[in-house]
Amino acid sequence: MTVDSSVPSPVETIPETPPQPVLPLQVHLKGEEGRLLLLLPPETPNLDGSPTSLTWPDLWLQLKQRLNAGERFWQTNIPVHLMAQDRLLDGRQLQEIADALSESQLKLERVYTSRRQTAVAAAAAGYSVDQLSAAIAFLNKPNSQTGQALAEPLYLQTTLRSGVEVRHPGTVVLLGDVNPGSSVVADGDIIIWGRLRGLVHAGAKGNAQCLIMALQMEPTQLRIADNVARAPEKPPAEFYPEVAYVTPQGIRIARATGFVRTRD
Amino acid sequence: MSRVIVITSGKGGVGKTTSTANIGMAIASRGHQVAVVDADFGLRNLDLLLGLENRIVYTAVDVLAGECTLEKALVKDKRQPKLVLLPAAQNRTKDAVTPDQMKRLVSELAKTYEYILIDSPAGIEMGFRNAIAGAQEAIIVTTPEIAAVRDADRVIGLLEAHSIKRIQLVVNRIRPAMVEANDMMSVQDVQEILAIPLIGAIPDDERVIVSTNRGEPLVLGENNSLAAVAYHNIARRLDGEKVEFLDLNAPPSGFFARIRRFFGSKPRS
């Protein structure tokens, strides 16, 4: 896959179109004016009303993974506002969220929800509660509109291990390895500062301009928009930082050095 | 302060139980009080490997049901008085116990024993969640095969999510000749993917099978095979000692050369 010059090397392209993925929002942490927003995926993320498959244990796991991957990026003891949206949370689950946050030296302070039961449980546990439908409308907006700008880049520092999937409606920057069996699906670019051995899909909403960059490109499969490619059978003897991009002939890979310059 | 260590792998058949039995015995032989806990409810094996099957009267489920004290359920080992086994129930399934109950058992054991080794079942379902519930650290056992390494990787991710941060790696069943011929992943290859500290590399050894079938952990034996030495070294490293890793491509006088000769492969220079 690696080439000696900056001449792009062809990568075997699988012709058929991959299924268009729907992007349910994952657990997301977002800094905002002296507070950290913890956004949970809504119970019904899709416009067709099909319920999300994310169960409580999966949600908890995702929260822990995101907290572990972002530890460096926020100050300790910053107040956390939980955007529970329309998700039902009982007292025990709220406690588990608070426990997970406090392990990362974060403090749950306020809960926004559109569900009465969640509001009651949160109030009983002693958090400030906002039962706002306006907040929900605001949060659902990026999901339901077409042609909007991408979300802010997601910046993670972690090793993505087998079984972990990161989905983000924007660009994903990952410091660490993407191990085989894990995947990254992003609506924007994917930048892996490490070894890329899993499956990555850039421009998942159909943007073929998107790029995949990695320090060491040994993917199980690369996808950009509707294009699919897999790595050559024989891994190269030496690795360079590389960029994968779409050409009319399918996905190509080039040396990262000077890529932006030579492309225009 | 006692240490609670879960021994797990994801994939079955890579040597979790064998490792638990041998590491447990090796730590006990260093003078520590050790409890080994079989968390594989319904498919218990640890008692067989330790040769204690016929001495089990009560199991962990009986303790949880209040039918006997924890003390009574513990099976002492005649050969190594510092080691006890808390057996799992064979007539139940993994759902017979909850993570909270496991935590209670383990913290009860922690009052008396310095090391508590929990033998986890394969998989990542209820049995796994029970096994890791009370643990503060973990030992991941894998063999140099992609399936085992893939599953180990997944399990490490789950352990990290469950806030078990101290995770160490045992690579089991290495065949140096095959590694050299590039037919098997090396320890370094495994480590490169899993990216956790190595605590032991154990060569493939027929005597492990023999000792398993006899119910006598290898480390108890007089004949110090490389595998037994490797298990002893893991115990020493757990204890905080710095021990050089074995050179598995040992000199021709080592048993490996004998094995190789036995299989008719060429001795290396």
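One numbering rule holds for all chains: residues counted from 1, following each sequence as written. Lettering for chains starts from A, numbering for ligands starts from 1, and both go in the order in which the items are written. Local features are withheld for residues below a pLDDT of 70 in this predicted model, meaning they are given only at 70 or higher, and side-chain atom pairs are given and counted only at 80 or more; totals for whole chains, interfaces and linings count all residues.

*Asks:* Teacher, can you tell me more about the overall build of chain A here?
*Replies:* Counting from the N terminus, the helices are the DSSP runs of H or I reaching at least four residues and the strands are the DSSP runs of E reaching at least two. A tally of regular secondary structure across chain A gives 5 helices and 18 strands. For the exposure call, what matters is how many other C-beta atoms sit within 10 Å of a residue's own: 20 or more marks it buried, 12 or fewer exposed, and in between partly exposed, using C-beta atoms placed from the backbone. Relative to its full complement of 264 residues, chain A shows a buried share of 41%. Long-range contacts, defined here as pairs at least 24 residues apart, represent 42% of the contacts in chain A between residues at least 6 apart. Throughout, a residue-residue contact means that the two C-beta atoms, derived from backbone geometry, are no farther apart than 7 Å.

*Asks:* Where do I start with the overall build of chain B in this structure?
*Replies:* Within chain B, the secondary structure is distributed over 12 helices and 8 strands. Against the globule reference of 18 Å for 269 residues, chain B gives a C-alpha radius of gyration of 18 Å, in line with a compact fold. For chain B, the C-alpha atoms occupy an extent of roughly 60 × 40 × 35 Å along the three principal directions. Counting the 269 residues in chain B, one finds 51% classified as buried. Long-range contacts, defined here as pairs at least 24 residues apart, represent 76% of the contacts in chain B between residues at least 6 apart. Radius of gyration: over C-alpha atoms. The globule rule applied is 2.2 Å multiplied by the number of residues raised to the 0.38 power.

*Asks:* When you look at the interface of chain A and chain B in this model, what are you seeing that I'm missing?
*Replies:* Many authors give the size of an interface as the accessible area that is lost as the parts come together. Taken together, the contact pairs 13 residues of chain A with 10 residues of chain B. Per-element tally for the side of chain A that touches chain B: the top contributor is helix H1 (residues 56-70) of chain A, with 4 residues. Across the side of chain A that touches chain B, the residue classes break down as 3 nonpolar, 7 polar and 3 charged. Only Asp, Glu, Lys and Arg are considered charged, only Ala, Val, Leu, Ile, Met, Phe, Trp, Tyr, Cys and Pro nonpolar, and every remaining residue, Gly among them, polar.

*Asks:* Hey, could you run me through the nonpolar core in this one?
*Replies:* Side chains of a nonpolar character, in soluble globular proteins, are inclined to be buried together. By definition, a nonpolar core groups buried Ala, Val, Leu, Ile, Met, Phe, Trp, Tyr and Cys residues that are joined through C-beta atoms within 7 Å. In this structure, Ile116, Leu117, Ile140 and Tyr231 of chain B are the most contacted members of the largest nonpolar core, which totals 84 residues. Per element, the largest residue contribution to this core is 8 residues, and it comes from helix H11 (residues 226-238) of chain B. Those residues in contact with Ile116 of chain B, other than ones at most four positions away along the chain, are Ser2, Val4, Ala35, Val37, Val106, Leu109 and Ala110 of chain B. Within the second largest apolar cluster, 38 residues are counted, among which are Leu156, Val166, Ala214 and Val228 of chain A.

*Asks:* When you look at the sheet that holds strand S6 (residues 137-142) of chain B in this model, what are you seeing that I'm missing?
*Replies:* Strands in a sheet are paired, the pairing made by backbone hydrogen bonds, and the direction either parallel or antiparallel. Residue and element names in this part refer to chain B. Strand pairing requires that DSSP identify at least two bridges connecting the strands. Ordered in space as S3-S4-S2-S5-S1-S6-S7-S8, the 8 strands form an open sheet in which the pairing is mixed. At either margin of the open sheet sits one strand with a lone partner, and together these are strand S3 (75-76) and strand S8 (198-203). Bridge analysis of strand S2 (residues 34-38) against strand S4 (residues 83-86) gives 4 bridges, and the strand direction is parallel. By the bridge assignment for S4, Val37 is matched with Leu86. Contacting strand S1 (3-8), S6 and strand S7 (166-174), helix H7 (residues 146-161) runs over the sheet at an angle of about 170° to S6. Here, axes are lines fitted to C-alpha atoms. For helices the fit covers the stretch in contact, and angles between N-to-C directions go from 0 to 180 degrees.

*Asks:* How do you make sense of the confidence of the model for chain B when you look at a structure like this?
*Replies:* It should be kept in mind that the predicted coordinates are not to be read in detail where pLDDT is low. As a per-residue measure, pLDDT reflects the predictor's confidence and takes values from 0 up to 100. This prediction gives chain B a mean pLDDT of 91; 93% of its residues lie at or above 70. Quick note on the complex model: pTM equals 0.84, ipTM equals 0.81.

*Asks:* What should I look at first to understand the packing of helix H5 (residues 99-109) of chain B against helix H6 (residues 126-133) of chain B in this one?
*Replies:* Geometry of a packed helix pair, given as the angle between the helix axes and the separation of the axes. All names here are of chain B. The N-to-C vectors of H5 and H6 enclose an angle of 30°; their axes lie 7 Å apart at closest approach. Crossing hand, H5 versus H6: right-handed. Across from Pro99, Met102 and Lys103 in H5, the residues of H6 making contact are Arg129, Asn130 and Ala133. Its residues assigned to classes, the contact of H5 with H6 comprises 3 nonpolar, 1 polar and 2 charged. Helix crossings are classified by the rotation of the near helix relative to the far one: an anticlockwise turn of less than a right angle makes the crossing left-handed, while a clockwise turn makes it right-handed.

*Asks:* Sorry, what's going on with the domain arrangement of chain A here?
*Replies:* Each assigned domain of chain A is listed here: domain 1 (9-18 + 150-263) and domain 2 (28-131). Its residues assigned to classes, the side of domain 1 of chain A that touches domain 2 of chain A comprises 3 nonpolar, 2 polar and no charged. The domain limits used here are those given by an automatic or database domain assignment.

*Asks:* Please clarify how the sheet that holds strand S7 (residues 128-131) of chain A should be interpreted in this entry.
*Replies:* Residues and elements named next belong to chain A. Strand order in the open sheet formed by 5 strands is S3-S4-S5-S6-S7, with mixed pairing between adjacent strands. Lying at the two open borders of the sheet, with one neighbouring strand each, are strand S3 (28-32) and S7. On average, adjacent strands in this sheet sit at an angle of 25° to one another, irrespective of strand direction. In this structure, strand S6 (residues 107-113) lies alongside S7, joined through 4 bridges in parallel fashion. Of the residues in S7, the one forming a bridge with Arg110 is Ser128.

*Asks:* Just to check I follow, could you spell out helix H3 (residues 116-124) of chain A for this structure?
*Replies:* In an α-helix, one turn spans 3.6 residues, which is why side chains three or four residues apart end up on the same side. Residue and element names in this part refer to chain A. When we look at burial in H3, the residues that qualify are Thr118, Ala119, Ala121 and Ala122. Within H3, the buried residues cover an arc of 165° as seen down the axis, which keeps them to one side. Away from the buried face of H3 by more than 90 degrees, exposed residues Arg116, Gln117 and Ala124 are located. Among the structural elements, strand S5 (79-85), helix H2 (91-103), S6 and S7 are those in contact with the buried residues of H3. Where H3 terminates, the next one or two residues include Gly126, which has phi positive at roughly 95°. What the arc measures is the spread of directions leading from the helix axis to the C-beta atoms.

*Asks:* Help me understand helix H9 (residues 187-194) of chain B, please; the structure alone is not making it clear to me.
*Replies:* Residue and element names in this part refer to chain B. Of the residues making up H9, those classed as buried are Val190, Ile193 and Leu194. Projected down its long axis, H9 shows its buried positions confined to an angular sector of 90°, all on one face. Residues of H9 that are buried in the fold lie against S6, H7 and S7.

*Asks:* It is not clear to me how the pairing of strand S4 (residues 35-39) of chain A should be interpreted in this structure. Could you clarify?
*Replies:* Side-chain positions along a regular strand alternate between the two faces of the sheet. All names here are of chain A. Burial along S4 is one-sided: Leu36 and Leu38 are buried, while Arg35, Leu37 and Leu39, pointing the other way, are not. Pairing between S3 and S4: 5 bridges, direction antiparallel. When the sheet's bridge partners are listed, Gly31 is paired in S4 with Leu36. Pairing between S4 and S5: 4 bridges, direction parallel. Residue pairing for S5: Leu38 is matched across the bridge by Leu82.

*Asks:* When you look at the pairing of strand S17 (residues 242-247) of chain A in this model, what are you seeing that I'm missing?
*Replies:* Residues and elements named next belong to chain A. Counting buried positions along S17 yields 5 of 6 residues, so the element is predominantly enclosed. Bridge analysis of S17 against strand S18 (residues 250-255) gives 6 bridges, and the strand direction is antiparallel. Counterpart to Glu242 in the pairing with S18 is Arg255. Here S17 folds back onto S18, and the loop between the two strands holds 2 residues.

*Asks:* Would you mind going over unusual backbone geometry with me for this structure?
*Replies:* A negative phi holds for most residues other than glycine; trans holds for most peptide bonds. You will see that Ala225 of chain A, though not glycine, has its phi angle at about 50°, which is positive. Its location among the elements puts Ala225 of chain A in the loop between strand S15 (221-224) and strand S16 (227-229). In the Ramachandran plot, Ser163 of chain B falls in the positive-phi region, its phi being about 65° despite a non-glycine side chain. Secondary-structure assignment places Ser163 of chain B in the loop between H7 and S7. Classification of Ser163 of chain B by C-beta neighbours within 10 Å gives partly exposed; the count is 13.

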